[in-house]
Amino acid sequence: MGFLSWILLGLIVGVLAKWLLPGNDPGGIIVTILIGIAGAIVGGYLATLLGLGAVTGFNLGSLAIAIVGAILLLVVYRKVAG
């Protein structure tokens, strides 16, 4: 995936993760995109380690993996920043 694809996937995943796990978080849309991008990376890494697959592009499996990773990062971010 190209750089712009990661940003677009990160935006989508970040928004979905915030929608699934609402709360008063510090940071705006940039933080949401960064959490989404990092979530895609973390989710893909963990899924690969567990043998569940990897983030390979814009498909349903990759989106689900990225969302789980972003939710994990959002929980950690809230604990650290909160």
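Up top is the structure.
Given the structure is predicted, the values throughout are model-derived calculations rather than measurements. (Residues numbered from 1 in each chain as written. Predicted model: local features only at pLDDT ≥ 70, side-chain atom pairs only at ≥ 80, totals over all residues. Heavy atoms only, no water.)

Our next topic: the overall build of the protein. Looking only at helices and strands, the protein has three helices and zero strands in total. The order of α-helices and β-strands along the protein, N terminus first, is α-α-α. Within the protein, contacts between residues separated by at least 24 positions form 68% of all contacts whose residues are at least 6 apart in sequence. Accessible area for the protein stands at about 5,000 Å²; split by element, carbon and sulfur atoms hold 77% of it. (Helix = DSSP H or I, 4+ residues; strand = E, 2+ residues; numbered from the N terminus. Contact = heavy atoms within 4.5 Å. Areas by Shrake-Rupley, 256 points an atom, 1.4 Å probe, with all protein chains shown as cover.)

With that out of the way, let us pick up the environment of isoleucine 71. Within the secondary structure layout, isoleucine 71 lies in helix α3 (residues 60-81). According to the relative accessible area criterion, isoleucine 71 is partly exposed, its value standing at 24%. Along the primary structure isoleucine 71 and lysine 18 are separated by 53 residues, whereas in three dimensions their C-alpha atoms are 7.8 Å apart. (Buried < 20%, exposed > 50% of the residue type's maximum accessible area, 1.4 Å probe, protein only.)

Membership of the largest hydrophobic core is limited to nine residues, which are Leu9, Val13, Ala17, Ile35, Ala40, Ala66, Ile67, Ala70 and Leu74. Those elements giving two or more residues to this core turn out to be α1 (3-20), α2 (29-50) and α3. In terms of residue count, α3 provides more of this core than any other element does, four residues in total. Setting aside residues up to four positions removed in sequence, isoleucine 35 forms contacts with Ala70, Leu73, Leu74 and Tyr77. (Core = buried A, V, L, I, M, F, W, Y, C linked by side-chain atoms within 4.5 Å.)

What follows deals with α3. Taking 1.5 Å of rise per residue, 22 residues should cover 32 Å, and α3 covers 31 Å from first to last C-alpha, within 8% of that figure. Turning to α3, its buried residues number three or more, namely Ser62, Ile65, Ala66, Ile67, Gly69, Ala70 and Leu74. (Expected span 1.5 Å × (residues − 1).)

Okay, a nonpolar patch on the surface next. The grouping of Tyr45, Leu46, Leu49, Leu50, Leu52, Val68 and Leu72 at the surface amounts to a nonpolar patch, some 760 Å² of accessible area in total. When contributions to the nonpolar patch are tallied by element, the ones reaching two or more residues are α2 and α3. Counting residues per element, the nonpolar patch draws most heavily on α2, at four residues. In this structure, leucine 52 sits in the loop between α2 and α3. A relative accessible area of 64% means that leucine 52 is categorised as exposed. (Patch = residues over 30% accessible without salt bridge, like charges linked within 9 Å, V, L, I, M, F, W, Y side chains within 5 Å. Salt bridge = Lys/Arg side-chain N within 4 Å of Asp/Glu carboxyl O.)

Function cannot be read off these values alone, since they describe shape.
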